[in-house]
Amino acid sequence: MTPGRRLPWFGITLLLVGPVRLSSQDTSVAGHFHLGLTIHDWGVSFGNAPRVNGLRFNVQDAELDRVNGLNFTLWKPRDPMSGTVNGLQMGIVPGSQRVNGVAIGLAGVVAERRLRWLTVGGLGTVSNGAIEGLAIGGLGLVANENIHGVGMGGLGAVANRDIHGVVVGGLGTVANRDIWGIAVAGLGTVANRDIDGLAVAGLGTVANRDVSGVAAAGLGLVANGSITGVGVSGLAVVANGRLTGIGVGGLAVVANEAIRGIAVAGYSVDTRRMAGVAVSAYNRVRGPQLGLTIGIYNSADELHGVQIGVLNRAKNNKPPFKVLPLLNVHL
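The structure reproduced in this document is the subject of the present report.

Cut-offs and rules
- Residues numbered from 1 in each chain as written.
- Predicted model: local features only at pLDDT ≥ 70, side-chain atom pairs only at ≥ 80, totals over all residues.
- Heavy atoms only, no water.
- Helix = DSSP H or I, 4+ residues; strand = E, 2+ residues; numbered from the N terminus.
- Buried < 20%, exposed > 50% of the residue type's maximum accessible area, 1.4 Å probe, protein only.
- Areas by Shrake-Rupley, 256 points an atom, 1.4 Å probe, with all protein chains shown as cover.
- Core = buried A, V, L, I, M, F, W, Y, C linked by side-chain atoms within 4.5 Å.
- Contact = heavy atoms within 4.5 Å.
- Phe/Tyr/Trp six-rings, centres within 6.5 Å; stacked < 30°, edge-to-face > 60°.

Details of the overall build of the protein
On a plain count of helices and strands, the protein comes out with one helix and 28 strands. Counting all 331 residues of the protein, 42% fall into the buried class. Here the protein has roughly 15,600 Å² of accessible surface; of this, 66% comes from carbon and sulfur atoms.

Here you go:
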């Protein structure tokens, strides 16, 4: 440099931070074009750069490694889906292995491993792994593993494992294992194992094992195991095991093993053992009854309480007290 001449400002910048790379090729991912204005992967990139800290714009991702910042990609990535986005992912159908932050897709959002924090898919939100945080799918919300947090699917919300939190499905909310928290569905709420919390469905709430908490269904509430808490149904409340708490059915309340608490039905309350109060037109206890039944016809194989109705049958009473009108007692 000529003595006395000052170094230009951009020369000072190059000496301090090194060269700014304007690249038209990707040495890490062969065959994928990108143009980036970056310094050690920091800056702005256009195309299929594998790593960017800053802003990345692309048409369709392939072999993505990591983006810290914004990843804007128009279409669903090529298989196999890869990469992690920490920050904001946007596009028509953006996708990656993981998103930690916000993912927004005009048509949908897809992920191979996990969607975490906030996800919004215009038509659907789908993860082959887990969905965590707040997730919305215009038509469907689907996780091949767990849904944790708050989820809403216009037609349905489905988890191939557990649902933990608050999930709403326009038609159905389904977990292949457990539902813990609040589940609401226009037609059906279904768990292949247990439901713990609040479950509300327009037609039916079904658990292949137990229901614990509060469950309400327009037509039927069914547990292949026991119901503990409050169960309400427009048609029937049915437990293959025990009903402990309160059961209200428009037509019937049935517990194959026992009822402990209060059961109210329009037509029939039916169980093998009862301890508490049953009110319906026809109360049938196929074993010991401890407590009170009120109805038109009350029948107990072994009465240890009170029956009030038009006709009352206590099989363990001696004649003529075995069948009595209005009132029957065995204490």
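So, next bit.
With respect to the nonpolar core
Residues Ile227, Val253 and Ile259 are the most contacted members of the largest nonpolar core, which totals 44 residues. The biggest single contributor to this core is strand β25 (residues 252-265), with five residues. Excluding residues within four positions of it along the chain, Val253 makes contact with Val237, Leu243, Gly247, Val248, Ile259, Ala263, Val264, Ala265, Ser268, Val269 and Asp270.

Quick word on unusual backbone geometry
Between Pro319 and the following residue, Pro320, the backbone shows a cis peptide bond with an omega angle of 10 degrees. Among the structural elements, Pro320 can be located in the loop between β27 (282-314) and β28 (323-330). A positive phi angle, close to 90 degrees, is found at Trp117, a residue other than glycine. Tracing the backbone shows Trp117 in strand β8 (residues 108-121). Residues other than glycine seldom take positive phi values, yet Leu326 does so here, at roughly 65 degrees. Its location among the elements puts Leu326 in strand β28. Owing to a relative accessible area of 62%, Leu326 belongs among the exposed residues under this scheme.

A few points about the packing of aromatic side chains
Inspection of the entire model under this criterion finds four aromatic pairs. With centroids separated by 6.5 Å and ring planes inclined at 65 degrees, the aromatic side chains of Tyr267 and Tyr282 adopt a geometry described as edge-to-face. Of the two residues, Tyr267 is situated in the loop between β25 and β26 (268-279) and Tyr282 in strand β27; the sequence distance between them amounts to 15 residues. A centroid spacing of 5.6 Å and a plane angle of 25 degrees characterise the contact between Tyr282 and Tyr297, whose relative ring orientation is stacked. Given a relative accessible area of 24%, Tyr282 falls into the partly exposed group. On the accessibility criterion, Tyr297 (28% relative accessible area) is partly exposed. Aromatic ring contacts, followed pair by pair, group Phe46, Phe57 and Phe72 into a single cluster.

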